[in-house]
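Next come the chains, spelled out residue by residue.
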Amino acid sequence: MLPPPSNHQADYSIFIYYHPSTKGSAGRAVFIDPQLLVRFMELVDSLGAKGLEVARKIIELQSTAAGITADSNKSNAGQHRQTIQNIVVTYTVLQSGGRGAGVYITDLQHGFLKDEGRPGLYKAEQGGRGQFRWQATPDDNTSMPHMIGVLGAVAPSELGVTNASETASTFAAGVLQKERISKGFSLFYTPTYVMDNVGIWLTSDQKQTSGSGSCASSFARLLENTAKKSPSELGGERHKWFIVGQGAKVFQQALREYKQHSTNPLNRSHEFYFVDPQVPLGLLKQDLRNNGIDLDRDHTIVDGSMSLASQTHQLLDSSQVYCNLSRTAERFMALNAAVKEANKVLNMRGSSTVCFSDIVKNLTSAMSALKGKW
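An account of the accompanying structure is given in this report. In every chain, residue numbers begin from 1 and rise along the written sequence. Per-residue local features of the predicted model are confined to residues with pLDDT of at least 70, and side-chain atom pairs are confined, for both listing and counting, to 80 or more; whole-chain, interface and lining totals are unaffected and use all residues. Each side-chain value is worked out from all heavy atoms of the structure, with water and hydrogens disregarded.

**Notes on helix H8 (residues 247-261)**
Phase 1 of the analysis: For helices the rule is a DSSP run of H or I covering at least 4 residues; for strands it is a run of E covering at least 2, with both sets numbered from the N terminus onward. Each helix should span, by expectation, one fewer than its residue count multiplied by 1.5 Å. Compared with an ideal rise of 1.5 Å per residue, which puts 15 residues at 21 Å, H8 spans 21 Å between its outermost C-alpha atoms and is within 8% of the ideal.
Phase 2 of the analysis: Exposure classes here rest on a 1.4 Å probe applied to the protein chains alone. A residue is buried below 20% of its type maximum, exposed above 50%, and partly exposed in between. Considered for burial, the residues of H8 that qualify are Gly247, Ala248, Val250, Phe251, Gln252, Ala254, Leu255 and Tyr258.

**Observations regarding the nonpolar core**
Phase 1 of the analysis: Here, nonpolar core refers to any group of buried Ala, Val, Leu, Ile, Met, Phe, Trp, Tyr and Cys residues whose side-chain atoms link them within 4.5 Å. One finds Ile105 and Trp374 to be the most contacted residues of the largest nonpolar core, which totals 80 residues.
Phase 2 of the analysis: With seven residues, the top contributor of residues to this core is helix H6 (residues 212-227).
Phase 3 of the analysis: Apart from the residues lying within four places of it in its own chain, the contact partners of Ile105 are Phe15, Val30, Phe31, Ile32, Asp33, Leu36, Ile58, Leu61, Val89, Thr90 and Tyr91.
Phase 4 of the analysis: Among the nonpolar cores identified, the runner-up in size contains 19 residues, and Tyr122, Ala124, Ala164 and Phe171 belong to it. We call two residues contacting when some pair of their heavy atoms lies within 4.5 Å.

**Remarks on the layout of surface pockets**
Phase 1 of the analysis: Considered as a void within the structure, the largest pocket measures approximately 860 Å³ in volume.
Phase 2 of the analysis: Going through the elements one at a time, helix H1 (37-43), helix H2 (49-59), helix H4 (164-173) and helix H10 (308-315) are the ones with two or more residues in the lining of the largest pocket.
Phase 3 of the analysis: Note on residue categories: nonpolar means Ala, Val, Leu, Ile, Met, Phe, Trp, Tyr, Cys or Pro, charged means Asp, Glu, Lys or Arg, and polar means any other residue, Gly included. The residue makeup of the lining of the largest pocket, split by class, is 16 nonpolar, 16 polar and five charged. Definitions used for this entry: grid spacing 1 Å over protein atoms alone; cavity, a set of points where a 1.4 Å probe fits but cannot get out; pocket, an open set with protein on both sides within 12 Å along at least 5 of 7 lines; lining residue, one with an atom within 4 Å of a point. Grid points are joined across faces, edges and corners, and a volume is the space filled by probe spheres set on the points.

**Points about the sheet that holds strand E12 (residues 185-189)**
Phase 1 of the analysis: We treat two strands as partners when DSSP finds at least two bridges between them. In space, the six strands of this open sheet follow the order E9-E8-E12-E10-E13-E14, with mixed pairing throughout. Only two strands of the sheet have a single partner each, and these edge strands are strand E9 (134-138) and strand E14 (270-275). Taken pair by pair, the neighbouring strands of this sheet meet at an average axis angle of 25°, ignoring direction.
Phase 2 of the analysis: Examined bridge by bridge, strand E8 (residues 120-126) and E12 share five bridges and lie antiparallel to one another. When the sheet's bridge partners are listed, Ala124 is paired in E12 with Phe185.
Phase 3 of the analysis: Axis definition: a line fit to C-alpha positions, over the contact stretch in the case of helices; interaxial angles, taken between N-to-C directions, run 0 to 180 degrees. Set on the sheet, H8 makes contact with strand E10 (148-152), strand E13 (239-244) and E14; between it and E13 the angle comes to about 125°.

Quick look at the structure:
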């Protein structure tokens, strides 16, 4: 993800009002870049209590922006950021220009204070001490040690703390609940700061895997080294990977690196299942095909249950890969109806009269008709 634009780079004329109450009648006007729609959906659960609190605090920027609770950019006059729960809202306060005086939100990210581990490969085993049922410990294996693996991470806590054991416990109880993992599984831990490149203090060890590039490279090497094993070493089975949420962004980079450095077909020793993929599937399609995996043919590799964030990613996929995924005729008709309504909402993003919160609300309503089934 690119860093937030400076106040000299952003085109503030395209920004829209955040909420009907932030048009400047009570305090400063609050605008937001409409291109942040997908990012907002990724980070904020607009149907939950915490998400509603984040939305309320953003509205309050009309009176609290650039106040004593905000961080200010010493090198970029007018740019500030506010941490709301585990969301960092970056904005610029303008006295003139753009759409007039006001607060212009330019970026949204997860906030991180501390990572109680490091990105990369972990061994997840039952019997974790304390609050987590699974314990994740760093694994220095250069090839895949378990038949089951999962790539991704849960969001940081409200205090900005992230933890590999929490991720392992959450995934074991969720995406892996139907798998045979009593003897453990592999976790390739990808907290979202490796994609956002936001600042947390890193130890000397963490520096080696702190960015999305190095994290993707490490995963690509793990896949490559595993693919070098002979069929007899694999026991006739393939390693089964679950790619979860924003972990798909790291996976996409890893696919491209794998293709550059390996001559072994990826599908010979690995199979992949996407759960709530927070990238447009169209961006993965060719990279997967280049590695012997076909989305059109292997319908089962995409889990049907998607969050609103993932659904929004698919809606904005110009290749419309989702049209070719296997589903019943009834589900296909329901999807078409929901997509039609959602596209009406999305087409309003370029209007200066529409409010960002209304787009989120109406899009959520349109896609909720599918009840999470894509």
